[in-house]
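Residue strings, one per chain:
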Amino acid sequence: MASGHSSSGAPHHPSNRAGGSSSSDYGLYRKAGERDPPASRHYRAALPDVCPKEPTGEARELCDGPSVVADQHRWTIYSSKVNLPAALNDPRLAKRESDFFTKTWGLDFVEQEVMPSFYLPNITKEHFAPYLRDTAQKEKIHERCKAICPNKDDPDSVSSISHNHEKAREELEQVPKIFMKPDFVLNDPVTFNAVLPWSHFSVASGKSQRDGASSRLLQEKLSHYLDVVEVCIARQISLRSEAFFHAMSSQHELQDRLQETARAVQMLRGRMAAMERVMCEGPLAALRGTLTRTNCLRLHGKLKLMAAVHQAQPTVQLLLSTSEFVGALELIATTKEVLQQELQGIHSFRHLGSQLCEMERLIDKMMVADFTTYAKSDLNRPFDDEGQILEKDRLQSLVFGLLRQRKLDFLDIYSEEIIQAAKGIVRQCVLQTVSQIDEIDPDVVMKIPEQMRLMAFSQWMELLRCIFESFTLFLRRIKATLSVIRGVVLELLDSSQRSRVLQERERERGRGGGGGAGGAAGAQLEEGDGEEEDEEALEGQAARAGAELAYLTHEGMFISDALNDAQERQQQQQQQQQAERSTTTTATTSTKASQAQGKKEACGSDSASGTTESSSSAASALPRGLATSLNEDTMPSELELGRVANSLQELLYTASDVSHDRCVKVLMARAKDASLERLSSAEFVQLSREVEAFVEGTEKICGKRSVSLRGALQSQANRFVHRFHEERKTKLSLLLDNERWKQAEVPAEFQDLVNSIADGRITLPNRKPSGSEDCIPSDYLIVDGQKYAVVGTVLLLIRMLLEYCQCVNDIPSIATDMLTRLSDLFKHFNSRSCQLVLGAGALQVVGLKTITTKNLALASRCLQLVVHYIPIIRAHFETKLQPKQYSVLRHFDHITKDYNDHIAEISAKLVAIMDSLFEKLLSRYEVKAPMPSACFRNICKQMAKMHEAIYDLLPEEQTQMLFLRINASFKLHLKRQLSKLGVVNDGGPQHGLVTVDVAFYTENVQVLRSLERLDLNMAEIWEQKR
């Protein structure tokens, strides 16, 4: 263990080999149990310390205190090589050893058999012979040093050294400390005065004998200090003389080695110069020749590229002359890309970029102007053309060019042209119609609205039909044009999506690894022919030569950077080769352009194809990857294309709205003098049908429900409804004011009208010829098997009701307004009839003498007929209303209640008439002979008159109910009078007389028609006995 530590401290510095120290040799060849010599424990980093350290006289330097150098060789528990628990629990032993606790602790405590290594050779003394020869001289020098300088561990030498050291120290202590300071300089006044104390000498009195003695004493003292220091220095030099001589010899040896090194370097340089002449100059010349050839090829490719770019501008002008905007834009974009990437910095092309940009702006203006011209010619051409799309290829080319330049506002231009074309359509239709009317002079009446107002309704309707047909064809034409534009947009959108999907797939393949890519590349190489393989071999050689040249010629450059430059040059060479392949196509560009110009003089279509070929040939001379990247960068994004597609649909909606707005203006121009309000219902229905047909047609074409024309028609319909209602309300008022409330004959046409209603046809039937047999009038109106005695006003009212229903059938949009007006008509008839009959207004209006019971019964029957038709009309209107409009149907419920109340009031009025008669007659009734009494005869006579008046007007049920109420009133008054007279049911004479009168009354009442089985219950006239 100790030997391992001592050997590890041997230095391997080259100075050990030169200095000849033998301390390491002793450590290498000593015995295992021998202690290390003290001199071998410490080494210096520079020259070896051949002299032992002299004692300084201090006891603390020689004591055994803590020392890092000494303590590192002491044995501790961490220096043990065997673990006691591991030895006790060794599982490899069959049984424990008997002498386990008697063994000596150490490395041999555990028996180990170390097998000799097959990888280590057998070491003999001959292996150390070279080392011994190299260190023999050093060992001799070391032995001489040991003889001169005794060992520091020897007690005698230590005591001698300590004695000499103490003596030298005592001598040095005689020297003042000021001379030992590192900053000792005599320039300092303080130091000078301390060394030479001039204050001891008398300056004023001159030199004295005392001063001379002091100066001599000072001189001797300083000389003594000098001698002491020189002796100490000489002693130290003598002690280290061998080291000085050794340093000088080392210096001489170092100079010899430097000379040898210089000679070796000179020889190496000569050999390298010879190698450069023989091996490097030729290959470098070859590489320079290859680089020169490559540069020439690149220059040739650049010149051809410049030639192609030089031909681009006249080719663009030729393409513009044939309106090939797309080809011109592609050529300009490709040329600009080449100028920026391939020909940047070419002085002759310094103005070409700005010229191309100016041409591109000019093309933008030309495309916009051409698209405007196309839109005008397409929208303003006659509608009798067979083809709906004008020059479809031209339109597609224009749209593609505008989209490519991101001129996405071209649809606004088309929208403005739609508005102008719509105005022209109306103007043209009016002029065409006015030219066929002799009554209107265009020179006198110049304004179009005035001309339309001077037309008859039939002429104006013919004009409106012409406008509607023109706008229908106009919208179909716009839809077809927008479909072509949409096709171009969707095609670009689909292409963009496909390219994006392909890019994503390529990125996924790149992430998946290079195996698939390598296989694909191998497959492509196998498909190539022999010429392509030769070209690829040449390209590989050029790339390797360029890489070697970069490595040899680029000083201070990393190899990776040089290789990257070589790869970039390889790519440039590939592009040059592609340019060389298209040389023939580039050479024929001018020829094809001239051919295209010649074809242009012959026919336009051939010139377009020729210029397209010329543009493609000029573009083919450029690098292949530019076209694809150019298209991806210049084309609109998918979001922008989607917005354009949506704008196309909105433009179709706008065209529909514009058409409807122009029709609204035509409608308003006619309605300015209220001529539409004066239309008959048939004429307005005709107008409504035409407008509704046009609106439905435009909805089918455009897929949008326009509301402007319907709103205008609705406004006119409201006015029409107002006038329609006011006319009928006024007519009904006149009829009621002239009505004498007598039963009228029912013409056959009204009976047919009622029959058609019963059959479910809520419409006005066609009028029959006046000479037919069915035109014989009848006394009653038969409705569902019941007879209705009516006045003439009610018959006309039923016809008015059907006119309202017919108007709703023809114009469903006015159902709610018409229902409100019809409710008002119902209420007006009810209120006015009540005023005339119950209120006796007919006495003053018509001049009736009195309101008879017959008038009342007839009015009641007329009201009952109207009530009968209210549910039918309600059901009809319910079919014309939207579910959210059903709330307006409550008006019919209110009307029905009002009519029933009116009928009940009439019945009450009839009963009241008889009630007043009974009260008047029975108040004078006396129970006396003769019997029957005159009072009862008069009452029976009035009852017979009442029955005669209402029997033919009211049905039997209502007649019976009415007479039951009259009988109840009669019994009430008779009972009151008998009670007043004191006649009771006692079987007396008066009781017998009353019984005779009552029997007479009962007999006369029951003899009336439909009252035979009427239960009069006359026993109620007598008071019940309590």
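None of these values were measured; they are calculated from a predicted model.

(A) Layout of the overall build of the chain. Along the backbone of the chain there are 36 helices and two strands. In the chain, which comprises 1026 residues, the share counted as buried stands at 35%. Within the chain, counting contacts between residues at least 6 apart in sequence, those at least 24 apart form 78% of the total. About 61800 Å² of surface is accessible on the chain, with carbon and sulfur atoms providing 54% of the total.

(B) Structural view of the environment of K920. Within the secondary structure, K920 is located in helix α33 (residues 890-922). Residue classification places K920 among the exposed residues on the basis of a relative accessible area of 52%. Linking K920 and C935, residues 15 residues apart in sequence, is a C-alpha distance of 10.0 Å.

(C) Seen up close, a nonpolar patch on the surface. Together, I123, F128 and L132 give the surface a local cluster of nonpolar side chains, amounting to about 270 Å² of exposed area. Tracing the chain through its elements places L132 in helix α6 (residues 129-148).

(D) Expanded view of unusual backbone geometry. Between A929 and the following residue, P930, the backbone shows a cis peptide bond with an omega angle of 0°. With respect to the helices and strands, P930 occurs in the loop between α33 and α34 (934-950). The backbone phi angle of S1010 is positive, close to 70°, even though this residue is not glycine. Along the chain, the position of S1010 falls in the segment after α36 (989-1006). Phi at N1017 takes a positive value of approximately 50°, unusual for a residue other than glycine. Topologically, N1017 is positioned in the segment after α36.

(E) Structural view of the packing of aromatic side chains. According to the stated counting rule, one finds 15 aromatic pairs in the structure shown. Here the aromatic rings of F877 and F892 are separated by 6.2 Å at their centres, their planes lie at 50°, and the arrangement is tilted. In this pair, F877 sits in helix α32 (residues 853-880) while F892 sits in helix α33, placing the two residues 15 residues apart along the sequence. F892 carries the same exposure label as F877, and that label is buried. Look at F936 and F970: their rings are 5.8 Å apart centre to centre, the planes differ by 85°, and that puts the pair in the edge-to-face class. Of the two residues, F936 sits in helix α34 while F970 sits in helix α35 (residues 956-981), which places them 34 residues apart along the sequence. Residue F970 is classed as buried on the basis of its relative accessible area of 0%. The structure contains a cluster of three or more aromatic residues connected by ring pairs, namely F918, Y925, F936, F970 and Y1001. The aromatic ring of Y788 is capped on one face by R861, whose charged end is 3.9 Å from the ring centroid.

(F) Quick peek at helix α26 (residues 681-702). Across its 22 residues, α26 extends 31 Å between first and last C-alpha, which sits within 8% of the 32 Å expected from 1.5 Å per residue. Every buried residue of α26 is accounted for by F684, V685, L687, S688, V691, F694, V695, T698, I701 and C702. In the stretch just after α26, G703 is the one whose phi turns positive, near 75°.

(G) Up close: the nonpolar core. Grouped together as the largest cluster of nonpolar side chains are 194 residues, with contacts concentrated most on W460, F826, F877, L974 and Y1001. Top element by residues in this core is helix α17 (residues 457-512). It accounts for 18 residues. For L974, the residues in contact, after removing those within four places along its chain, are L922, Y925, F936, V998, M1018 and I1021. One finds A168, V175, Y225 and V228 within the second-largest nonpolar core, a separate group that totals five residues.

(H) Focus on the confidence of the model for the chain. Looking at the chain as a whole, its pLDDT mean stands at 75, while 71% of the residues score no less than 70. Every residue in residues 515-539 is under pLDDT 50, and counting partners more than four places away or in other chains gives six contacts. Every residue in residues 581-630 is under pLDDT 50, and counting partners more than four places away or in other chains gives 66 contacts.

(I) Seen up close, the side chain of N967. Inspection of the secondary structure assignment puts N967 in helix α35. Residues contacting N967, with those up to four places away along its chain left out, are Y1001, L1016 and M1018.

(J) Local environment of the packing of helix α12 (residues 325-341) against helix α13 (residues 352-379). Look at α12 against α13: their axes get within 10 Å of each other, and the N-to-C directions meet at 160°. When the interaxial angle is binned, α12 and α13 end up roughly antiparallel. As α12 runs across α13, the sense of the crossing is left-handed. From α12, F325, A328, L329, I332, T335, K336 and L339 reach across to α13, where they touch L352, G353, L356, C357, M359, E360, I363, M366, M367 and D370. Classifying every residue of the contact of α12 with α13 gives 12 nonpolar, two polar and three charged.

(K) Structural view of the pattern of salt bridges. Overall, the coordinates contain 23 salt bridges when judged by the stated rule. For the salt bridge of R761 with D759, the shortest nitrogen-to-oxygen distance reads 3.8 Å. The partner of K971 in a salt bridge is E1020, and the shortest N-O contact between them spans 3.0 Å. With K971 in helix α35 and E1020 in the segment after α36, this residue pair connects regions lying 49 residues apart in the sequence. The exposure class of K971 is buried, given its relative accessible area of 9%. Taking the relative accessible area as the measure of exposure, E1020 reaches 42% and is therefore partly exposed. Through salt bridges that share partners, E692, E699, R705 and R710 make up one connected network.

(L) Inspection of the packing of α13 against helix α15 (residues 410-434) at higher detail. Between α13 and α15, the shortest axis-to-axis distance is 10 Å and the interhelical angle comes to 30°. One way to sum up the angle between α13 and α15 is to call them roughly parallel. The crossing of α13 and α15 is right-handed. Two secondary-structure elements touch here, α13 through V368, F371, T372, A375, K376, D378 and L379 and α15 through F410, I413, Y414, E417, I418 and A421. Split into classes, the residues belonging to the contact of α13 with α15 amount to nine nonpolar, one polar and three charged.

(M) Representation of the side chain of R662. For R662, the location among the structural elements is in helix α25 (residues 638-670). Of the side chains with opposite charge, D661 comes closest to the buried, unpaired R662, at an N-O distance of 7.7 Å.

(N) Structural detail: the environment of R394. Here R394 shows up in helix α14 (residues 392-404). R394 sits 70 residues away from E324 along the chain, and the two C-alpha atoms are 9.3 Å apart. If we skip the residues at most four places from it in the chain, R394 touches D370 and Y374.

The rules we used
- Residues numbered from 1 in each chain as written.
- Predicted model: local features only at pLDDT ≥ 70, side-chain atom pairs only at ≥ 80, totals over all residues.
- Heavy atoms only, no water.
- Helix = DSSP H or I, 4+ residues; strand = E, 2+ residues; numbered from the N terminus.
- Buried < 20%, exposed > 50% of the residue type's maximum accessible area, 1.4 Å probe, protein only.
- Contact = heavy atoms within 4.5 Å.
- Areas by Shrake-Rupley, 256 points an atom, 1.4 Å probe, with all protein chains shown as cover.
- Patch = residues over 30% accessible without salt bridge, like charges linked within 9 Å, V, L, I, M, F, W, Y side chains within 5 Å.
- Salt bridge = Lys/Arg side-chain N within 4 Å of Asp/Glu carboxyl O.
- Phe/Tyr/Trp six-rings, centres within 6.5 Å; stacked < 30°, edge-to-face > 60°.
- Lys NZ or Arg CZ within 6 Å of the ring centre and 35° of its normal.
- Expected span 1.5 Å × (residues − 1).
- Core = buried A, V, L, I, M, F, W, Y, C linked by side-chain atoms within 4.5 Å.
- pLDDT = per-residue confidence, 0-100.
- Axes fitted to C-alpha atoms, helices over the stretch in contact; angles between N-to-C directions.
- Parallel < 35°, antiparallel > 145°, perpendicular 65-115°, else oblique.
- Left-handed = near helix turned anticlockwise from the far one by under 90°.
- Nonpolar A, V, L, I, M, F, W, Y, C, P; charged D, E, K, R; others polar.
- Lys, Arg positive; Asp, Glu negative; His and termini not counted.

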